[in-house]
Amino acid sequence: MNAPFRLPLTPDAASDDVVIVQNVSRHFGSSRTGLFGRRAAPVVRAVEDVSFRVPRGSCFAIVGESGSGKSSLARLVVGLLRPTSGEVTIGSVALSSLDDAGLRGMRRKVQLVLQDPRASLDPRMTVLDTLAEALTVHSLHRDRQARRERIDAVIGMVGLSQAHLTRYPHELSGGQRQRVAIARAIVCEPEILVLDEPVSALDVSVQAQIINLLADLQARLALTYIVITHDLALVAHMADAVGVMYLGRFVEQGDVGDVCGAPRHPYTQSLMAIAAQVSPLDRDRPATVLEGSIPSPLAIPSGCSFHTRCPRARALAAAGVEAVDTADGRLARLCVEAAPLPHPAPGGRSTAKCHFADQSLPDQSS
Amino acid sequence: MSLAQDMAAVPERAESTTAKPNPAWTLLRRILVQPKGAVGLTLVVLYLVLAVIGPALAPQDAFRQNFAQTLRPPSAAHWFGTDQLGRDVFSRILIGARATLGIGVGGVTVAFLIGVPLGILAAWRRGWIEAVLMRAIDVMLSFPDIVFALAVVAILGANTQNVIIAVGVVSIPVFARTARAVTLSVLAEPYIEGSVALGASPARVIMRHVLPNISGTLLTLSTLLFASTLLSASGLGFLGLGTQPPFPEWGTMLGDSRSYIRSHPYLATFPGLFLAVSALAFNLLGDALRTIYDPTSRRAARRLPMLNFLRRRTAASAPPAAGLAAAPAGPDAPVVAVEGLHLAFRTGEGLLEVVRGVDLTICAGRTLAIVGESGSGKSTLLRAIGTLANPQEVAITAGTVAIGGEPALGLPAAAVRDLRRRKIGIVFQDAASALNPVLTVGAQLAEAVRAGSRLGPQAVRQRCIALLRDVNIADPERRLEMYPHQFSGGMKQRIVIAIALAQNPELLLADEPTSALDVTIQQQILVLLREIQRKRGMAILLVTHDLNLVARFADDVAVMYAGRLVESGAIATVLEQPLHPYTQALRASAPGAGEGRGQPLRSIPGEPPLVGQLPSGCAFRPRCPRSANRAECAAQEPPERMVASRQVACVFAEEALS
Amino acid sequence: MFVLRRLSSALPTLFAVSLLVFLFVDLIPGDPAQILAGPTASNEEIESIRKFLGLNEPLLSRYGQFLRGIFDPSVATSFRTHRPVVVELAERLPNTLIVSIGGLAIGVVLGTLAGIVCAMRPGGIADALITVLTLAGISMPIYWLGLLCIWYFAVNLGWLPAAGASTPMHFVLPILVIATRPAAMFSRLVATSLTESMGRDYLDTARAKGLSETRVVLFHALRNSLIAAVSVAGVQFGGMLGGSVVTETVFGIPGVGRLLVDAVSRADYPVIQYAILMFAVFFVAINLVTDLLTQWLDPRTRDQERLA
């Protein structure tokens, strides 16, 4: 974990990586002082030593549960948060080299689409105002006529009509609102869209529409996507590469076919087992159920941070690997005491941070 | 609160008109439709007119003393009588309006112009600016307001201008504090982050997003503060420390009348009345504005209070005792039997039907899952079955519900309580809000255990501990003393389940029990519920939007669309070979349902209909790939019928079989 | 533990308050001695007043002197009566305490009851009546209400004495008049927050246990809504307390409020300073009690405190 590592995937395509995140960490609450004396505020390690690269035109997914730090990571990429250490490079510009005004200019290239369109649009602005604001902010299409043409074109692209332009957000349905949020993001012709749970606040029957729209736009506008989600099924559908996040770190990352098709980290395995479409006929087959809940990011467990819930560490201890007794039961010693390094998969297209990633076990479900 | 989700699909009335009126007119209209707003605004306008043209209206010289005519009662010559110096009180009141209201306007303006920018600055910059400002506000608020105003007057001297400064300074902390609070809450809104992510500069965010969104609250506050400023300023006048004689001001006039209260009470009547009514006018207007801008008070206003009394009676008496006709409870009798249930939301415009004729039964030991989107009416249905539908919001317009063979609707309060106690347990989506934050877990569990039983304290405690063990909570003795916020989300949901199980219910109702939880925790809760069901053999009614969850967990499934069950039957039957086009689409549109990677998903066009705005015939018709404008679909609501061993409400259900 | 922490956080506020009150004399535009002495005074007279006020001494020692005056009767004397300010205040304090605390307590109790009635039977006759009374209560200038009460109960009916503080009966009217504002404010706060908590899921959880509606409201909803009401009311007690200043004047009660008003109109600066300081300390104390009460009612704040 300490040695900065480079993803083994596509080492030759480095020149076309449009987003490069290198060993980025973000800690909260480290230097908080009150007016009357210093309060020893505990440090939240929201993001810890995360690295990945996104080639132009591809889709990278960040998967995790609440508290995993995936939203902080999204905001680090957009530049809404500045990293405690590490570097984010967009295009060929390092974000740390930019001041606040420079970052604002950079956002023309990198746009963020938020989860809940009901809350992410200003209730007092019409759709037209919302879209026009994006152009005003970046001084694009200053001519009135050109501006209107651009807005008309974009509103058509997201599947709405000009009649929607005069509406306020509360006069639109959930799906329409999310289309407006997407329109606002693409109106100033960005290269990269960061999508934070783009469909999870929508009705099931509308989700598919939005997912198709996003895929369509990506193809038409040659966009690069970074998708934040908790849904591995969505990842398997949309993404080219994925990073699975647990307590601020990537526990497994790489090509989506590898990670979703043949997960090697026990956490990814259990997420995948839940996400897989189930046929009611084989529902009595026991699924892997993780015990316990995510530990507080204030107190990240020693060694491998997943060891408190890891079925593999438990199974290995039972199978006779050198073990220690902990509050969470008898676990493999290595898992409790040493932080795992990334182990590349056989094909070299993904890595898993698990001491025993390459060890196949007979059955972990019991 | 998934009931809120159902309610969210209620169309927002009158505001979906396509014409866009001027916002000022919209605001005016929204004030005037409220009685208090109409009265308040009218009075405020009258007072302001009075302040402007009052001196011109005054019939007599308000300053001319006439010692032959002192302390006269009201008469034709002097409508409000004369004062101790023989001056016409009516004329003095008309002239005093300008000073009195002017002090109020001046004071609020001073406070607004200083307080609001300070508050916004503190919220935007945070850090030491905020700390210093909040400290300063604390200090200023340590003086009772009239005392602070007295101090200012003592420093500057008593005159009209200094009174304006005094009452203005007193209100600065109130404005600053409120402006900071509302700015903070607006800044926390995702649309602010959206705008920042767009690249908008701080100045732009403040001007275009923060200010418009806090203006309503500030307008409300200004109006309400105007009333209290008026009263404090006149209070200073009353004490002889405000506007100085001979110039008339209502508070000063009241102060002068004090010596004559025994002999000439009318002297105090008119200035007091004018003062009180002006404060009332601004308070009424402020209340009306608050109703418009404060969402929490709006919900209360939606209820049409005067009709509640009638409603309560109708709700209690609506379903005739038809439920009594239900079959007597035998060993195989269903735990829940719902027949022809219709439910409607009460809105300002009347009833909006949200559940439109639902029949269902659940037998002991079985789990029925109702799957639907927001607005389908699934949560409302669940609450009605659990006898928990709020009669002020939901009307039961037809149908029967029987639980354990006993009718569950239209019962007297005591019988409803008994039914809830013995037969029903309920689990909500948001465990955090389903537990009372100020009571220990032990107290809340004990209450459920004790209800209707005569257990001693020790037995109750033992039972609570056993219940926590049942839901796999370790170290139950210690947990009893803890408060809900000390548990994680999954643990809270376990506690809610333990409470629901306290009286060994025959029916467990679960409203999206896992949607608020992380995926790995969801699995734990579902496994727990299934385990408990196996041990106790109760019936479970589960409401969810997640078809995948259903496949894993339920025995039977009922798919709900626009208030009706469009397809229901055994889980394997329905999910393996769905016949209703909506069920088919739900099944096919989820990612991972067999489409190739990069292939588009099979999506359903359009969106779920709003409650009360359904198309004629089949409600799914406009979105249905099978319908294709066939006349049969528009002709009538398709009846539920048995096709291939499940109930399905589609005229062309058989087409899916071939 | 929390009590100590809260007390220590009140200290800076008290310090700032005392400093502000102390600097009060320096804030007066022009030379206070000149103003006191009047336009016709000779330079010697002004100089002797300056000396008397201690205006020539350095600021810090004057502040020390000011603080000493809280305990030492010989330090500050009234310009008007030449009696020690502390003695003047101490004589009047009991009257003020009876009127303001009595009014506050009665108001809060009445207001809470009215709020519960409103929230439990929304739309009923009682709700409508209380809503009207509440609006009237916050709009009524209490000095006018006081005058009306004197006229009706004392002059017209002759039931109660009109002015003074010699018998317990003298306090009935002032306390009731002062109680109107806290009662009106509290009934709104309680009704609003109770109505808001009525929609919460935990009330449905309680109902599903088979509890009666009364128990659900009183045991589950009320405590939660009181937390909100008390914490909001803490900010507004100042407005409620202010009523006692005016009311004492209306009813001719020799209390600190009336002393303050008289002192302001006569520019009796030492009395003004110490009277204001007393009100501020009194008010900080009430805020302290409010905070402790919220703390006691709400286990969540207790834990936050422990964490910090």
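Basis of the calculations
- Residues numbered from 1 in each chain as written.
- Chains lettered and ligands numbered in written order.
- Predicted model: local features only at pLDDT ≥ 70, side-chain atom pairs only at ≥ 80, totals over all residues.
- Domains from an automatic or database assignment.
- Contact = placed C-beta atoms within 7 Å.
- Helix = DSSP H or I, 4+ residues; strand = E, 2+ residues; numbered from the N terminus.
- Nonpolar A, V, L, I, M, F, W, Y, C, P; charged D, E, K, R; others polar.
- UniProt positions renumbered as here; feature names shortened; annotations may be inferred.
- Axes fitted to C-alpha atoms, helices over the stretch in contact; angles between N-to-C directions.
- Parallel < 35°, antiparallel > 145°, perpendicular 65-115°, else oblique.
- Left-handed = near helix turned anticlockwise from the far one by under 90°.
- Expected span 1.5 Å × (residues − 1).
- Buried ≥ 20, exposed ≤ 12 C-beta atoms within 10 Å, placed from the backbone.
- Pairing = 2+ DSSP bridges.

Trainee: Go over the domain arrangement of chain A, please, and point to the residues and values.
Mentor: Where the parts come together, the accessible area they lose is often given as the size of the interface. All names here are of chain A. Under the domain assignment used here, chain A contains domain 1 (17-30 + 43-258) and domain 2 (263-352). A separation of 30 Å is found between the C-alpha centroids of domain 1 and domain 2. On the domain 2 side, the residues contacting the 19 residues of domain 1 number 21 residues. Mapped by element, the contributors of at least two residues to the side of domain 1 that touches domain 2 are β2 (44-55), α8 (232-238), β9 (241-246) and β10 (249-255). Looking at which element gives the most residues to the side of domain 1 that touches domain 2, the answer is β10, with 6 residues. Across the side of domain 1 that touches domain 2, the residue classes break down as 8 nonpolar, 4 polar and 7 charged.

Trainee: I'd like to hear about the UniProt feature "transmembrane region" (unreviewed entry) in chain C, residue by residue, with values.
Mentor: All names here are of chain C. The sites that carry the UniProt feature "transmembrane region" (unreviewed entry) are, in the present numbering, residues 97-117, 129-153, 225-251 and 271-293. Within residues 97-117, the helical portion is 100% and the strand portion 0%, while the C-alpha atoms at the span's ends are 30 Å from each other. The span residues 271-293 is 100% helical and 0% strand by assignment, and the distance between its end C-alpha atoms comes to 33 Å.

Trainee: Describe the packing of helix α9 (residues 202-238) of chain B against helix α11 (residues 266-293) of chain B, listing the residues and the values that go with them.
Mentor: Residues and elements named next belong to chain B. Between α9 and α11, the shortest axis-to-axis distance is 8 Å and the interhelical angle comes to 165°. Classified by the angle between their axes, α9 and α11 sit roughly antiparallel to one another. In the crossing of α9 with α11, the sense of the turn from one axis to the other is left-handed. From α9, Gly216, Thr217, Leu219, Thr220, Thr223, Leu224, Phe226, Ala227, Leu230, Leu231 and Ser234 reach across to α11, where they touch Leu275, Ser278, Ala279, Phe282, Asn283, Leu285, Gly286, Leu289, Arg290, Ile292 and Tyr293.

Trainee: Account for helix α20 (residues 489-501) of chain B, with residues named and values stated.
Mentor: All names here are of chain B. Between its first and last C-alpha, α20 extends 19 Å over 13 residues, near the 18 Å set by a 1.5 Å rise per residue. Burial analysis of α20 places 12 of its 13 residues in the buried class, which makes it a mostly covered element. Regarding α20, the residues found buried are Gly490, Met491, Lys492, Gln493, Arg494, Ile495, Val496, Ile497, Ala498, Ile499, Ala500 and Leu501.

Trainee: Describe the pairing of strand β6 (residues 424-427) of chain B, and please don't skip the residues or the numbers.
Mentor: All names here are of chain B. Because side chains alternate across β6, one face comprises the buried residues Ile424 and Ile426, and the other comprises Gly425 and Val427, equally buried. Across 4 bridges, β6 lies against strand β7 (residues 507-511) in parallel orientation. Bridged to Ile426 within β7 is Leu509.

Trainee: Tell me about the environment of A:Cys59, and please be specific about residues and values.
Mentor: All names here are of chain A. For Cys59, the location among the structural elements is in strand β3 (residues 59-63). Using a count of 25 C-beta atoms within 10 Å as the deciding quantity, one classes Cys59 as buried. Once you skip the residues sitting within four places of it in the chain, Cys59 turns out to touch Gln218, Tyr225, Val227, Met238, Ala239 and Asp240.

Trainee: So what's going on with the sheet that holds strand β4 (residues 85-90) of chain A? Residues and values would help.
Mentor: Residue and element names in this part refer to chain A. Strand order in the open sheet formed by 4 strands is β2-β1-β4-β5, with antiparallel pairing between adjacent strands. In this open sheet, the two strands that pair with only one neighbour each are β2 and β5 (93-94). One ladder, built from 8 bridges, connects strand β1 (residues 17-28) with β2; its direction is antiparallel. Bridge pairing in β2 links Phe28 to Val44.

Trainee: Now, about the sheet that holds strand β3 (residues 367-371) of chain B: what can you tell me, with residues and values included?
Mentor: Residues and elements named next belong to chain B. Spatially, 8 strands are ordered β6-β7-β8-β3-β9-β10-β12-β11 in an open sheet, and the strand pairing comes out mixed. Looking at strand neighbours, the two that pair on one side only are β6 and β11 (641-643), the edges of this open sheet. Averaged over all adjacent pairs, the angle separating strand axes in this sheet is 20°, with direction ignored.

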